[in-house]
Amino acid sequence: MVPTMSDLWRKAKAKNGVKFDHVVKLTKFPKDDSNFQGNIETLLSHCKIRVEFNEGVNRTLILDFIDDTEEIIRNKLIS
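Just so it is clear, the model here is predicted, and its values are computed rather than measured.

Chemist: Before we go on, may I ask you to explain the side chain of Thr 69 in this structure?
Modeler: Mapped onto the elements of the fold, Thr 69 is located in helix H4 (residues 56-78). When its relative accessible area of 1% is taken as the criterion, Thr 69 is described as buried. Those residues in contact with Thr 69 that lie beyond four places of it in its chain are Ala 12, Asn 16, Ile 40 and Leu 44.

If you want it as structure tokens, here you go:
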């Protein structure tokens, strides 16, 4: 069964815990907009753009989130 965007969103949120909310804030993701809620693909796009505007720990946090989330997606698509 192919996972939905919401499934992947929940997996990424569970894996990253409190870091998930911090990444959402750092990337200025419009989390309150119902058009974007639960859309992991859009969140990853925001991450890949906004990582360039962050430095140090924040940049590392976003990059780690991207890596972790892409791994979740790969594993779900393979299994």
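Chemist: Would you mind going over the environment of Gly 38 with me for this structure?
Modeler: Here Gly 38 lies in the loop between helix H2 (18-26) and helix H3 (40-50). Sequence-wise, Gly 38 and Leu 77 are 39 residues apart; in three dimensions their C-alpha atoms are separated by 18 Å.

Chemist: Any chance you could explain the packing of aromatic side chains here in plain terms?
Modeler: For any pair of aromatic rings, the description consists of the separation of the ring centres together with the inter-plane angle of the planes. Under the criterion given, the structure shown has four aromatic pairs. With a centroid separation of 5.7 Å and an interplanar angle of 45 degrees, the aromatic rings of Trp 9 and Phe 29 are classed as tilted. Of this pair, Trp 9 sits in helix H1 (residues 5-16) while Phe 29 sits in the loop between H2 and H3; the two residues are 20 residues apart in sequence, bridging distant segments of the chain. Across this residue pair, the class does not change: Trp 9 and Phe 29 are buried. Measuring from ring centre to ring centre gives 6.2 Å for Phe 29 and Phe 36, while their planes differ by 65 degrees; the resulting arrangement is edge-to-face. A residue is classified by how much of its surface remains accessible, and Phe 36, at 27% relative accessible area, is partly exposed. Three or more aromatic residues joined by ring pairs make a cluster, and in this case those are Trp 9, Phe 20, Phe 29, Phe 36 and Phe 65.

Chemist: Whenever I open this one, the pattern of salt bridges confuses me. Can you help?
Modeler: The tally for this structure, following the rule as stated, stands at four salt bridges. Note that Arg 10 and Asp 7 form a salt bridge whose closest N and O atoms lie 2.6 Å from each other. Of this pair, Arg 10 and Asp 7 both sit in helix H1, separated by three residues, roughly a single helical turn. Here Arg 59 ties to Glu 52 by a salt bridge, and the two come within 4.0 Å at their closest N and O atoms. Residue Glu 52 is classed as exposed on the basis of its relative accessible area of 55%.

Parameters and conventions
Residues numbered from 1 in each chain as written. Predicted model: local features only at pLDDT ≥ 70, side-chain atom pairs only at ≥ 80, totals over all residues. Heavy atoms only, no water. Helix = DSSP H or I, 4+ residues; strand = E, 2+ residues; numbered from the N terminus. Buried < 20%, exposed > 50% of the residue type's maximum accessible area, 1.4 Å probe, protein only. Contact = heavy atoms within 4.5 Å. Phe/Tyr/Trp six-rings, centres within 6.5 Å; stacked < 30°, edge-to-face > 60°. Salt bridge = Lys/Arg side-chain N within 4 Å of Asp/Glu carboxyl O.

This is a description of form; function is not addressed.
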